[in-house]
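Listed here are the chains, written in short residue letters.
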Amino acid sequence: MSESATSERKLATPFNVIAGIILAGGAAILALRFVKGLRATTNLTHDYPWGLWIGFDVMSGVALAAGGFVISSAVYLFGMKEYKPIVRPAILTGFLGYFLVVVGLFVDLGRPWRLPYPFVVQAGPTSALFEVALCVALYLTVLFIESTPAALEWLGWRRARRVVGGLTIALTIFGLLLSTLHQSSLGALFTITPTKLHPLWYSSYLPVHFFVSAVAAGLSMVIVESMISHRVFKEQVEISHEQLDRLTLGLAKAGSVVLAIYFAIKVMALMLDDNWHLLATAWGAWYLVELLGFVLLPCILYAAGYRERRVGLVRTTGVITVLGVVLNRFNVSFIAFNYSLPAEARYVPHWMEIWVTVALVTSGVVAFRWIAGRMPILFEHPDWKGQH
Amino acid sequence: MVTLWDFLTFTKGWSYVLAGGLLVAFIPFWAFLTEREPKR
Amino acid sequence: MSVSRRRFLEGLGLGAAGGLVTSEAAAGSTKHFAGHPGRLGLLHDTTLCVGCRSCEFACAKVNDHPLPAAPVGDQHVFEKKRRITPDLFTVVNRYRARQGTTPAVYRKQQCMHCNEPCCASVCLVRAFTKTPEGPILYNPDVCIGCRYCVMACPYYALSYEYDDPVTPRVMRCTMCYPRIKEGKAPGCAEACPTGAIQFGKREDLIKVARERIRKQPDRYLDHVFGEHEFGGTSWLVLAGIPFHELDLHEGVTHTSLPEIGTSFLSVVPLVITLYPGLLAGIYAFTKRREKLSQQERQAAVAAALEQAAADTKEKLAAAAARAAKDKEKAVAAAVKKAKAEAEKAAKEAAQKEADR
């Protein structure tokens with residue numbers, strides 16, 4: 001199919017050159033981080049022990065990689081077979097995303113070589129972070145196994161492929177269970193800081209907020225990723241543009257409902273905590289930007305896009321939703337966190353933190369491109385047609 | 001707690017009113033969403 | 001159907017096992033612990049503090065830190081609020097009451113050694129221990145450096161060694177635990193010249209504090225900070241100005257923060273028990289629906305085929321009947337024709353006979 005194209009592919013394409021520079025720079029910064037300590041490459045302070053690497057690489061990364069469990073549950077548990085063509089790309093995005101979360105965490109920890117300690121030395125199960133670590137570790141394993149069928153088909157290892165294929169349902173159930181737990185416990189991380197997180201963002205129901213918004217983020221990432229993959233890999237994709245458009249519209253319908261539920265929960269939280277008066281403050285205005293511009297607006301746009309069958313609008317809304325969830329994670333982890341500290345004590349990411357984050361995302365894109373260009377992710381392997 | 005307003009405010013009953021309102025609002029939202037779907 | 005039933009039971013079994021495993025973690029959040037009796041504490045009377053910062057120097061000496069740059073009695077150091085750092089386990093800051101004419105108030109800040117510490121609750125390797133004597137201890141040998149404790153502490157009492165790439169530690173006041181074990185008072189308490197820091201049993205100090213409030217109600221606010229806030233702390237504070245002006249949040253819940261922060265744990269066993277059975281059930285339901293619709297489709301196809309077969313049979317029978325009728329007609333016509341010819345031949349023969 002694309003064998004001739006592979007041998008003709010140059011190594012020095014513009015994308016590869018830029019990606020190479022980004023990755024090389026990232027590697028250099030990480031070397032500095034491990035030689036001189038976190039102070040040399042971050043703007044972390046004693047007031048802000050968690051910065052961009054936690055706020056984006058860990059917290060936003062986990063939310064954006066949620067498409068894996070959403071689509072696989074829809075197809076394998078709820079019988080929505082029409083989405084089968086996008087299950088494998090969603091799982092791959094999920095696997096690469098969670099892998100990068102672990103890398104991001106590794107880079108941020110003070111003593112990353114001690115990462116297994118909570119499991120093998122001494123456990124602190126009262127900690128929400130313990131639950132996050134355990135569930136992310138287990139879920140990464142689940143995603144890895146769920147990603148192996150494509151690789152095994154590519155390698156031609158038929159028996160192993162059959163064995164792994166039989167595990168699909170069990171893995172999907174386990175994956176949905178683990179995702180519920182760790183998406184929500186990322187929110188639970190902040191329930192212990194009611195005096196530090198601004199009351200508009202703080203709620204004892206943060207775990208529920210985080211889980212629901214993660215579903216919306218996952219759906220939106222699938223919309224965005226499938227749009228990009230379809231253009232970049234146009235030789236490999238087996239579904240037509242029209243078919244992808246239909247699937248995208250279906251995802252928009254789901255996204256609209258999920259965002260509507262999320263909006264309702266947030267409004268209920270305002271009611272239960274009696275925080276209406278805070279909306280009239282500067283922080284309140286910022287909160288309304290997030291709630292109205294990045295939750296309510298995409299909810300309406302998804303609904304309108306689905307109704308009028310406007311796929312372009314849906315794709316734009318996907319980007320807005322993703323940005324909105326990232327904004328929410330940023331707000332909770334370092335913007336609305338320590339809200340009462342004076343301006344000079346506030347945290348702004350160091351350019352090196354931003355570079356490393358971009359480098360991690362770039363490595364994920366490069367890996368996705370390599371895998372999807374060779375393995376049956378966007379197309380069906382001829383030996384295994386119709387058997388996924 | 002004299003009037004209904006006072007009662008709702010004092011017992012946080014407004015949250016139930018809001019929850020009910022949100023549930024009811026879902027109906028026209030769903031109708032808007034699915035109105036133009038082909039084949040009823 | 002048997003496959004999905006088995007899977008359902010598998011799911012329930014998984015869930016039950018999961019429930020057993022996690023019940024211990026959930027139980028920890030609902031117990032209520034009043035604290036070890038006779039535990040130690042310190043009373044900080046901010047009305048007596050003059051901002052000499054002798055406590056900072058004593059603390060640096062005890063912990064082998066470099067001495068603070070600004071000497072005792074220096075006033076410029078108060079121009080910016082300072083916080084705890086790896087070299088400064090305690091700081092004294094100056095706060096002004098809102099009216100410019102009233103004198104400045106000084107408060108010493110350090111780890112409050114809470115009764116139910118956030119740091120211990122959020123640590124995923126249990127690096128913090130609350131000792132029966134009162135102080136909270138940190139174990140750097142298991143710490144992985146996630147800094148969740150620094151994030152969670154409501155009193156901003158923790159700091160981290162960001163400059164150390166190999167052995168970074170969380171740095172905080174230890175209430176001079178080795179000294180306490182020897183029967184001595186913490187360095188700051190011993191060094192304070194005005195008696196603004198008093199060391200002793202926490203329950204005694206509360207009585208002392210209440211006594212001071214009772215004796216001089218104009219000097220003190222009627223509140224012992226730390227007695228109940230977030231479950232109570234080992235450091236108690238008295239003040240003559242509102243506590244929030246001293247950067248201490250008053251009026252917060254008496255529930256300890258760990259109790260609030262671990263409430264999510266009760267969801268874990270629920271999810272682990274419910275999800276497998278529920279999701280397996282949904283899968284089974286979906287599969288059955290698919291099977292039924294497939295069966296319906298197959299039945300429809302079979303019925304159509306049967307109908308087609310029946311139609312064909314009918315058509316064949318009708319054609320055969322027509323063919324038989326046609327044959328009959330042809331035979332009758334042939335017979336008629338033969339008869340007519342025979343008659344004609346007989347008539348001709350009779351004519352011929354008549355002519356001779």
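Criteria and cut-off values
Residues numbered from 1 in each chain as written. Chains lettered and ligands numbered in written order. Predicted model: local features only at pLDDT ≥ 70, side-chain atom pairs only at ≥ 80, totals over all residues. Heavy atoms only, no water. Helix = DSSP H or I, 4+ residues; strand = E, 2+ residues; numbered from the N terminus. Rg over C-alpha atoms; globule rule 2.2 N^0.38 Å. Buried < 20%, exposed > 50% of the residue type's maximum accessible area, 1.4 Å probe, protein only. Contact = heavy atoms within 4.5 Å. Core = buried A, V, L, I, M, F, W, Y, C linked by side-chain atoms within 4.5 Å. Buried area = accessible area lost by both parts, 1.4 Å probe. Salt bridge = Lys/Arg side-chain N within 4 Å of Asp/Glu carboxyl O. Polar contact = N/O pair within 3.5 Å; in protein donor to acceptor, adjacent residues only side chain to side chain. Nonpolar A, V, L, I, M, F, W, Y, C, P; charged D, E, K, R; others polar. pLDDT = per-residue confidence, 0-100. Expected span 1.5 Å × (residues − 1). Pairing = 2+ DSSP bridges.

J.: Honestly, the overall build of chain A in this entry has me stumped. Any pointers?
T.: Looking only at helices and strands, chain A has 15 helices and zero strands in total. The C-alpha atoms of chain A give 21 Å as radius of gyration, which agrees with the globular expectation for 388 residues (21 Å, within 12%). Counting only residues that meet the buried cut, chain A has 60% of its 388 residues in that class. Residue pairs at least 24 apart in sequence account for 79% of intrachain contacts in chain A once pairs closer than 6 positions are excluded.

J.: What should I look at first to understand the nonpolar core in this one?
T.: In summary, soluble globular proteins display a tendency toward joint burial of nonpolar side chains. By size, the foremost hydrophobic cluster in this structure holds 198 residues, and its most contacted members are F190 and L197 of chain A together with F128 and Y148 of chain C. In terms of residue count, helix α12 (residues 241-273) of chain A provides more of this core than any other element does, 13 residues in total. When residues no more than four places from it in sequence are discounted, the contact partners of L197 of chain A are F190, Y202, L206, N331, V332, A336, F337 and Y339 of chain A. In terms of nonpolar packing, the next biggest core, distinct from the first, is built from nine residues, L43, L205, I206 and V224 of chain C among them.

J.: Help me out: how do you make sense of the interface of chain A and chain C in this one?
T.: A common measure of how large an interface is: the accessible area buried when the components associate. Counting from both sides, the interface comprises 59 residues of chain A and, opposite them, 63 residues of chain C. A buried area of about 5,200 Å², summed over both sides, lies between chain A and chain C, and 62% of it is on carbon and sulfur atoms. Considering only the side of chain A, the residues that lose the most area to chain C are H46, R111 and I192 of chain A, jointly responsible for 15% of the buried surface there. The partner of R83 of chain C in a salt bridge is D47 of chain A, with the nearest N and O atoms 2.3 Å apart. At the boundary of chain A with chain C, the tally comes to 30 residue pairs in polar contact (both at pLDDT 80 or more). At the level of elements, α2 (14-36), α3 (38-41), α5 (67-77), α7 (117-120), α8 (128-155) and α10 (168-188) of chain A are the ones that each hand at least two residues to the side of chain A that touches chain C. Sorting elements by how many residues they give to the side of chain A that touches chain C places α10 of chain A first, with eight residues.

J.: Can you help me understand the interface of chain B and chain A in this one?
T.: The interface of chain B with chain A comprises 15 residues on the first partner and 15 residues on the second. Note on chain B versus chain A: buried area summed over both sides is about 1,500 Å², and carbon and sulfur give 72% of it. Considering only the surface of chain B that becomes buried against chain A, F32, L33 and R36 of chain B emerge as the three largest contributors, covering 36% of it. The residue R307 of chain A makes a salt bridge to E35 of chain B at a minimum N-O spacing of 2.5 Å. When its residues are assigned to classes, the side of chain B that touches chain A shows nine nonpolar, two polar and four charged.

J.: Could you clarify how one ought to interpret the confidence of the model for chain A in this entry?
T.: Low pLDDT means the predicted coordinates in that region are not meant to be read closely. For chain A, per-residue confidence averages 93 on the pLDDT scale, and 97% of positions sit at 70 or higher. Every residue in residues 1-7 of chain A scores below 50 in pLDDT, and together they form five contacts with partners more than four places removed in sequence or on other chains.

J.: Which parts of the structure should I look at to understand the pattern of salt bridges?
T.: Pairs can form between side chains of opposite charge once their charged atoms are near each other. All names here are of chain C. Tallied over the full model, the rule gives 25 salt bridges over all chains. Of the charged contacts in the structure, one is a salt bridge between D247 and K81, with a shortest N-O distance of 3.6 Å. Here D247 is found in the loop between β9 (235-238) and α8 (257-261), whereas its partner K81 is found in the loop between α2 (54-62) and β2 (91-96), with 166 residues between them in sequence. On the basis of relative accessibility, which here comes to 44%, the residue D247 falls in the partly exposed class. R179 is the salt-bridge partner of E190, the closest N and O atoms lying 3.0 Å from each other. Here E190 is found in helix α6 (residues 187-191), whereas its partner R179 is found in helix α5 (residues 177-181), with eleven residues between them in sequence. Residue classification places R179 among the buried residues on the basis of a relative accessible area of 16%.

J.: Looking at this structure, how should I read helix α2 (residues 14-34) of chain B?
T.: Residues lying three or four places apart along an α-helix face the same way, a consequence of the helix completing one turn every 3.6 residues. Counted at 1.5 Å a residue, the expected span for α2 of chain B with its 21 residues is 30 Å, and the 30 Å between its end C-alpha atoms agrees. Those residues of α2 of chain B that fall on the buried side of the exposure criterion are S15, F29, L33 and T34 of chain B. Where α2 of chain B is buried, its residues touch α12 and α13 (282-307) of chain A.

J.: Is there a simple way to explain the arrangement of the chains in this structure?
T.: Ranking the two pairs of chains in contact by contact count places chains A and C at the top. Contact between chain B and chain C is absent, and the least distance between their C-alpha atoms amounts to 19 Å.

J.: Explanation requested: the pairing of strand β3 (residues 104-109) of chain C in the structure shown.
T.: Side-chain direction in a regular strand flips from residue to residue, so the side chains alternate between the two faces of the sheet. Residue and element names in this part refer to chain C. Within β3, five of the six residues are buried, leaving the element largely enclosed by the surrounding structure. Where β2 and β3 come together, six bridges link them in antiparallel fashion. Bridged to N93 within β3 is R107.

J.: What is the right way to read the side chain of S229 of chain A from this model?
T.: Looking at where S229 of chain A falls in the secondary structure, it is placed in helix α11 (residues 206-232). Excluding residues within four positions of it along the chain, S229 of chain A makes contact with K234, V237, F368 and L378 of chain A.

J.: Could you clarify how one ought to interpret unusual backbone geometry in this entry?
T.: What is expected of a backbone is that most residues other than glycine have negative phi and most peptide bonds are trans. Positive phi, close to 65°, is recorded for R53 of chain C, a residue that is not glycine. Looking at the secondary structure, you find R53 of chain C in the loop between β1 (40-45) and α2.

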